[in-house]
Amino acid sequence: MAKVVIISGSPTPTSRLHGVIEVAKSELLQAGLTVDWIKVRDIPAEDLLYAKFDSEAIVNANALVAAADAVFVATPIYKASYTGVLKAFLDLLPQKGLERKIVLPLAVGGTISHLLAIDYALKPVLSALGAQNILQGVYVLDKQVTWGDQGQAILDDEISTRLQESLTQFVQEINWHTSR
């Protein structure tokens with residue numbers, strides 16, 4: 001069974017990004033994939049900031065990435081870039097930690113002005129980590145995500161369709177990659 005690891009760079013546990021990830025995770029599980037979720041905010045700040053490569057939390061997170069066939073990298077966009085907490089974690093991955101992995105970036109931002117943050121801020125770092133198969137990212141505006149009565153994220157029709165199309169391509173790429 002193919003393995004996906006989600007890396008969430010959100011510093012808050014109940015963000016719109018978290019809601020979108022929940023929707024995506026459900027789709028990936030329905031597609032028969034094994035899914036692990038690294039919530040970078042749960043890694044001790046001291047381990048991230050002091051680059052404690054040997055800390056148990058970092059070693060375990062890096063092992064999940066190493067064992068994955070694909071990586072779903074998700075971040076809110078602040079000041080036209082991905083979060084510092086995500087950057088701190090990506091800096092602790094091995095130099096070629098994303099080599100031979102399918103990567104799908106996703107970002108949530110408050111304005112369309114930050115749409116290109118995936119292409120100009122996040123993708124270069126993913127590429128530097130060895131990723132060669134980086135799919136077209138999904139950019140979600142804050143206003144495209146609302147909350148239902150049960151606390152679940154509700155995506156507007158346009159973003160729901162775009163996310164579903166990207167996840168379908170992601171699953172197809174994973175299946176093709178793992179069947180070789």
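Presented here is an overview of the structure given in this document. (Residues numbered from 1 in each chain as written. Predicted model: local features only at pLDDT ≥ 70, side-chain atom pairs only at ≥ 80, totals over all residues. Heavy atoms only, no water.)

Moving on to the overall build of the chain. Helices and strands together make up the secondary structure of the chain, namely six helices and eight strands. Listed N to C, the secondary structure of the chain is β-α-β-α-α-β-α-β-α-β-β-β-β-α in terms of helices and strands. When its C-alpha atoms are laid out on the principal axes, the chain stretches across 45 × 40 × 30 Å. Summarising the internal contacts of the chain: among those between residues at least 6 apart in sequence, 78% fall at separations of at least 24. Total accessible area on the chain is roughly 9000 Å²; 50% of this is exposed by carbon and sulfur atoms. Averaging the positions of the 15 positive and the 19 negative side-chain charges in the chain gives two centres separated by 4 Å. (Helix = DSSP H or I, 4+ residues; strand = E, 2+ residues; numbered from the N terminus. Contact = heavy atoms within 4.5 Å. Areas by Shrake-Rupley, 256 points an atom, 1.4 Å probe, with all protein chains shown as cover. Lys, Arg positive; Asp, Glu negative; His and termini not counted. Charge placed at Lys NZ, Arg CZ, Asp CG, Glu CD.)

Another point: the packing of helix α1 (residues 16–30) against helix α6 (residues 157–179). Interhelical geometry of α1 versus α6 gives an angle of 40° and a closest axis separation of 11 Å. The orientation of α1 with respect to α6, classified from their angle, is oblique. The element α1 and its partner α6 pack so that their crossing is right-handed. On α6, the residues touching Val-20, Val-23, Ala-24, Glu-27 and Leu-28 of α1 are Leu-163, Gln-164, Leu-167, Phe-170 and Val-171. Each residue belonging to the contact of α1 with α6 can be placed in one class, and the counts come to eight nonpolar, one polar and one charged. (Axes fitted to C-alpha atoms, helices over the stretch in contact; angles between N-to-C directions. Parallel < 35°, antiparallel > 145°, perpendicular 65-115°, else oblique. Left-handed = near helix turned anticlockwise from the far one by under 90°. Nonpolar A, V, L, I, M, F, W, Y, C, P; charged D, E, K, R; others polar.)

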